[in-house]
Amino acid sequence: MSEPDAEWQRKNCLKCYNYFREQERLRSLVKLSNDIDIDQLKYIGGVDLSFPLNDNKHAVACLVVLDYPSMKLVHSSFKQVVLTLPYIPGYLAFREVEPLVALLKDLKAANPDIYPQAILVDGNGVLHPRQFGLACHLGVLSDTPCIGVAKNFLHIPQEGSSMEMADVKSRCNIALQRRGDTVELVGSSGFTYGVALRASDSAKNPVFVSQGHRIDLPTAVHLVLSCSKYKNAEPIRMADGLSRQYIRDHYPTS
DNA sequence: GCGACAG
DNA sequence: ATCTTGTCGC
């Protein structure tokens, strides 16, 4: 069963708001060189949103800060969100980025000492049709180093067979044998979108790591791996779990 | 026209 | 994204 008016809604949103052009404008502000010195890293952030069941109007955004490298939780904050847009592949940031920027801004004002030197974002960075996913968007708007960590592969239309889902999957099945193994995601244009990373021995499926802002790819991969006990890196697992907990406690069961 | 598509 | 229990393996 498909959803005919989801398609209708998608096309109208794009026409009305020119999100495509907005991404192309902000893309020029992304910095792909490295600002992170892992030896000096003290705090690492994680962000995520959770949604109540049978409710497409509300969500809860969560920011966590963990001590590095102990991965102990040192901060968590939440923001309730009223959603205005549907989820559209390639335009996730327009649905999620604003509350995340607000949470970061509030933390910087209230407790600058624990403001994270880097943030892991649930979604993609430059692994994106216009090389400007949520992790880039959040990084640019907050001027904070960000890394995209996605649990699923986002299809990149114009980049040939090496970036097709079937091809990526088969390459991963062959190359990703144990924790730390990676597969490079390079398009026919020569652009490196990111890597598929096996973050734990027990998780067969990889995460997709890409540069968001002010970080290079090797540093990003190293950092994600060093935060990973399971498939999902601890900062993201924590933000995911706590925002879900918040939903349970603040919204009626449907 | 259909398919493919982070969360 | 969201629902859901136990269960298999180290």
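Only a predicted model underlies this, so the values are computations on that prediction, with no experimental measurement involved.

So, how was this worked out
Residues numbered from 1 in each chain as written. Chains lettered and ligands numbered in written order. Predicted model: local features only at pLDDT ≥ 70, side-chain atom pairs only at ≥ 80, totals over all residues. Heavy atoms only, no water. Core = buried A, V, L, I, M, F, W, Y, C linked by side-chain atoms within 4.5 Å. Buried < 20%, exposed > 50% of the residue type's maximum accessible area, 1.4 Å probe, protein only. Helix = DSSP H or I, 4+ residues; strand = E, 2+ residues; numbered from the N terminus. Contact = heavy atoms within 4.5 Å. Near = heavy atom within 4 Å. Polar contact = N/O pair within 3.5 Å; in protein donor to acceptor, adjacent residues only side chain to side chain. Nonpolar A, V, L, I, M, F, W, Y, C, P; charged D, E, K, R; others polar. Pairing = 2+ DSSP bridges.

**Q** Account for the nonpolar core, naming residues and giving values.
**A** Counting residues in each nonpolar core, the largest one holds 28 residues, and the members touching the most others are Ile 44, Tyr 68, Leu 120, Ile 147, Val 209, Leu 223 and Val 224. Mapped by element, the contributors of at least two residues to this core are strand S2 (58–67), strand S4 (118–122), strand S5 (146–150), strand S7 (192–197), strand S8 (207–213), helix H6 (217–226) and helix H7 (234–250). For this core, the element with the highest residue contribution is H6, accounting for 5 residues. Apart from the residues within four sequence positions on either side, Val 209 is in contact with Ile 147, Gly 148, Gly 194, Val 195, Leu 197, Leu 217, Ala 220, Val 221 and Val 224. Counting residues in each nonpolar core, the second largest holds 23 residues, with Tyr 43, Ala 61, Leu 63 and Leu 103 among its members.

**Q** Got a sec to walk through the protein's contact with DNA strand C? Specific residues and values, please.
**A** Every residue near DNA strand C is listed here: Ser 50, Phe 51, Leu 53, Lys 151 and Arg 244. Restricting the count to atoms of DNA strand C within 4 Å of the protein gives a sugar and phosphate share of 100%. Take Phe 51: an N or O atom from its main chain is 3.4 Å from a phosphate oxygen of DNA strand C. Split into classes, the residues belonging to the surface near DNA strand C amount to 2 nonpolar, 1 polar and 2 charged.

**Q** I'd love a proper account of the protein's contact with DNA strand B, names of residues and values included.
**A** In the neighbourhood of DNA strand B, 20 residues make up the surrounding shell, with Tyr 87, Gly 90, Lys 151, Asn 152 and Met 165 lying closest. Within 4 Å of the protein, the atoms of DNA strand B are drawn from sugar and phosphate moieties in a proportion of 52%. In this structure, Asn 124 approaches DNA strand B through a main-chain N or O atom, which is 3.0 Å from a base nitrogen. Within the side chain of Asn 152, a nitrogen or oxygen atom sits 2.8 Å from a phosphate oxygen of DNA strand B.

**Q** How would you explain the pairing of strand S6 (residues 182–186) if you had to name every residue and give the values?
**A** Only one face of S6 is buried: it carries Val 183 and Leu 185, and the other face, with Thr 182, Glu 184 and Val 186, is open. In terms of strand pairing, S6 meets S7 through 5 bridges, oriented antiparallel. Bridge pairing links Glu 184 to Val 195 in S7.

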